Amino acid sequence: MSYTIGFQAKDQKAILATEAATANQAVAIIAALRQSADEIKFIRSPQEGEMGIEMLLLLAKEEAEEMPQQA
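These numbers were taken from a predicted model, which means no experiment stands behind them.

Draft legend 1. Representation of the nonpolar core in the model. Tyr3 and Leu56 are the most contacted members of the largest nonpolar core, which totals 14 residues. Elements with a minimum of two residues in this core: strand 1 (3-8), helix 1 (23-35) and helix 2 (53-66). The residues touching Leu56, leaving out its near neighbours within four places in the chain, are Tyr3, Ala23, Ala26, Val27, Ile30, Ile43 and Met51.

Draft legend 2. Fine view of the pattern of salt bridges. Here the structure, examined in full by the defined rule, presents 2 salt bridges. Among the ionic pairs, Lys41 bridges to Glu39, the shortest N-O distance being 3.4 Å. Between Glu50 and Arg44 there is a salt bridge, and its shortest N-O distance comes to 2.5 Å.

Draft legend 3. Just the packing of aromatic side chains, in detail. According to the stated counting rule, one finds 0 aromatic pairs in the structure shown. The ring centre of Phe42 lies 4.1 Å from the NZ or CZ of Arg44, which sits over that ring.

Conventions used here
Residues numbered from 1 in each chain as written. Predicted model: local features only at pLDDT ≥ 70, side-chain atom pairs only at ≥ 80, totals over all residues. Heavy atoms only, no water. Core = buried A, V, L, I, M, F, W, Y, C linked by side-chain atoms within 4.5 Å. Buried < 20%, exposed > 50% of the residue type's maximum accessible area, 1.4 Å probe, protein only. Helix = DSSP H or I, 4+ residues; strand = E, 2+ residues; numbered from the N terminus. Contact = heavy atoms within 4.5 Å. Salt bridge = Lys/Arg side-chain N within 4 Å of Asp/Glu carboxyl O. Phe/Tyr/Trp six-rings, centres within 6.5 Å; stacked < 30°, edge-to-face > 60°. Lys NZ or Arg CZ within 6 Å of the ring centre and 35° of its normal.

Encoded structure:
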């Protein structure tokens, strides 16, 4: 499932967006954006629509449980 993360960089008016292929990748992108003081404006996916960070974390947890464990 793909995710689009919209964010606003500090000192900019434009809202930028980036794509992530998985919920886990989206969580990592959000963590990096938060460290650089960017503001998260939206998270959405074609399947789920708009969501909050809490919902994304839940989806990432479910995604991790569904993936086979690597040795």
